[in-house]
Amino acid sequence: MKRLIAGGLVIAAAALALTPAASAAPTPAADQPLAGLVIALDPGHQLGNSNPANFDELAKTHFNGYETKICNTSGTATNDGFPEATFTWNVAQQVKAQLEALGADVRMTRHSNSWKKWGPCVNERGAFGAKVGADLMLSIHADGADSSGYGFYVMVPSVIKGWTDDISSKSIRLGKRFVSGMAAAGAPRSTYVSGQMMITPTISTLNFSDVPVILLESGNMRNATEARRMKDPAGQRQYADWIVAGLRAALRR
Ligand SMILES: [Zn+2]
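Residues numbered from 1 in each chain as written. Predicted model: local features only at pLDDT ≥ 70, side-chain atom pairs only at ≥ 80, totals over all residues.

Asks: When you look at the overall build of the protein chain in this model, what are you seeing that I'm missing?
Replies: Helix and strand counts for the protein chain come out as seven helices and eight strands. Residues counted as buried form 51% of the 253 residues belonging to the protein chain. (Helix = DSSP H or I, 4+ residues; strand = E, 2+ residues; numbered from the N terminus. Buried ≥ 20, exposed ≤ 12 C-beta atoms within 10 Å, placed from the backbone.)

Asks: Help me understand the pairing of strand β6 (residues 153–157) in this model?
Replies: With five of five residues buried, β6 is to be regarded as a mostly interior element. What you see with β6 is no split at all: Y153, M155 and P157 on one side and V154 and V156 on the other are buried throughout. Alignment of β6 against strand β8 (residues 213–220), held across three bridges, turns out to be antiparallel. Residue pairing across strands places M155 opposite L215, the latter belonging to β8. (Pairing = 2+ DSSP bridges.)

Asks: Honestly, the nonpolar core in this entry has me stumped. Any pointers?
Replies: The nonpolar side chains of soluble globular proteins are, as a tendency, buried together. Of all hydrophobic cores here, the largest spans 56 residues; its most connected members are I39, L99, L138, V154, F178, I214 and I243. At nine residues, helix α7 (residues 233–251) tops the list of elements feeding residues into this core. W118, C121, V122 and F208 belong to the second-largest nonpolar core, a separate cluster that totals six residues. (Core = buried A, V, L, I, M, F, W, Y, C linked by C-beta atoms within 7 Å.)

Asks: Would you take a moment to explain the environment of R189 for this structure?
Replies: The topology assignment puts R189 in the loop between α4 (168–184) and β7 (197–200). Judged by local crowding, R189 falls into the partly exposed class, with 14 C-beta atoms found within 10 Å. For the pair R189 and F152, spaced 37 residues apart in sequence, the C-alpha to C-alpha distance is 5.2 Å. Apart from the residues lying within four places of it in its own chain, the contact partners of R189 are G151, F152, A183 and Q196. (Contact = placed C-beta atoms within 7 Å.)

Asks: I keep staring at the packing of helix α2 (residues 84–101) against α7 and nothing clicks. Help me out?
Replies: To describe two helices that pack against each other, one gives the angle between their axes and the distance between the axes. One can describe the packing of α2 onto α7 by two numbers: an axis separation of 9 Å at closest approach and a directional angle of 50 degrees. With respect to α7, the element α2 is oriented oblique. Crossing of α2 over α7 shows right-handed handedness. Contacts from N90, V91, Q94, V95, Q98 and L99 in α2 reach Q236, R237, Y239, A240, I243, V244 and L247 in α7. Partitioning the contact of α2 with α7 into residue classes produces eight nonpolar, four polar and one charged. (Axes fitted to C-alpha atoms, helices over the stretch in contact; angles between N-to-C directions. Parallel < 35°, antiparallel > 145°, perpendicular 65-115°, else oblique. Left-handed = near helix turned anticlockwise from the far one by under 90°. Nonpolar A, V, L, I, M, F, W, Y, C, P; charged D, E, K, R; others polar.)

Asks: Any chance you could explain α7 here in plain terms?
Replies: What sets the pattern is the α-helix's 3.6 residues per turn: residues three or four places apart point alike. For α7, with 19 residues, the first-to-last C-alpha span of 27 Å sits near the 27 Å given by 1.5 Å per residue. Within α7, the full set of buried residues consists of Q236, Y239, A240, W242, I243, V244, A245, G246, L247, R248, A249 and A250. On its buried face, α7 sits against β1 (38–43), α2, β5 (136–143), α4, β8 and α6 (224–231). Where α7 terminates, the next one or two residues include R252, which has phi positive at roughly 55 degrees. (Expected span 1.5 Å × (residues − 1).)

Asks: Where do I start with the environment of M155 in this structure?
Replies: Of note, M155 is situated in strand β6. Along the chain, M155 and E217 lie 62 residues apart, while their C-alpha atoms are 7.8 Å from each other. The contacts of M155, once residues within four sequence positions are left out, are M198, T200, I203, L206 and L215.

Asks: Looking at this structure, how should I read the sheet that holds β1?
Replies: The strands that make up a sheet are held in pairs by hydrogen bonds between backbone atoms, and each pair lies either parallel or antiparallel. Pairing within the open sheet is mixed, and its six strands lie in the order β4-β1-β5-β8-β6-β7. Taken across any chain shown, the strands that pair with only one partner, and hence form the sheet edges, are β4 (105–108) and β7. Across this sheet, the average inter-strand angle for adjacent strands is 25 degrees, counted without regard to direction. Sheet topology places β1 next to β4; four bridges connect them, and they run parallel. In the strand pairing of β4, A40 is matched with R107. Taken strand by strand, α7 contacts β1, β5 and β8, and its axis lies near 145 degrees from that of β5.

Asks: Can you walk me through the packing of α4 against α7 in this structure?
Replies: Between α4 and α7, the least distance of the axes is 7 Å, while the angle of their chain directions is 135 degrees. Considering the angle they form, α4 stands oblique to α7. You can see that α4 and α7 cross each other, and the crossing is right-handed. Note on element contacts: α7 touches α4 through W242, I243, A245, G246, L247, R248, A249 and A250, opposite L174, R177, F178, S180, G181, M182 and A184. Split into classes, the residues belonging to the contact of α4 with α7 amount to 10 nonpolar, three polar and two charged.

Asks: Sorry, what's going on with α2 here?
Replies: The end-to-end C-alpha distance of α2 is 26 Å, a good match for the 26 Å that 18 residues give at a rise of 1.5 Å each. On its buried face, α2 sits against β1, β4, β5, β8, α6 and α7. G103, located one to two residues past α2, shows a positive phi value of around 105 degrees.

In structure tokens form, the structure reads like this:
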């Protein structure tokens, strides 16, 4: 989503982990419930998307089936400047470790959180899930909304013929289960997005996907309570736990 940050030019906006089976039973072991699944994780933005040296690359545009969008945005930040890119990176690392411990094959759209780097562009992020044969892609973000609002919500693709008609209904179905799972684990539901789900044609990361895809806005970085949790390593672990619960609910594992 386009994000305006104060003051400036804004680039706004399976390797089957089969457990050694005593019998030939194909069902995953209790401690490896995600064995056989490939999950693509997309930690939103990149730290260097805020670096002016990268603005030319980031300004390159792609048509996403609905509208033309720039390569990638800076993302939002807490009021005291903790960037969304760092939040999504830290949380995604922990989600990855937990999913792997549960047997999943996890692939990441970016491999660093670097002031020098930018992107990848949203069209590449969107296409990534199919490229790695993912069963599901989760794009992890945080919102920059009015400070009074808080809580998580998801965005999933609406139907755009020739673009998302193959993945929209499954993404909505998995998205609803993800929301229920995250809320059941204790994550605060969004106070400003009804049903904690937006079904939208505008998000390139969703539109370029050819596998079921969910974009999570983990919380509102402009809300004081959530900002504190997002900056705190223990809070980041809490988000990771909630997200893993959401994914397990979505995948029914
Ligand atoms: Zn974002």
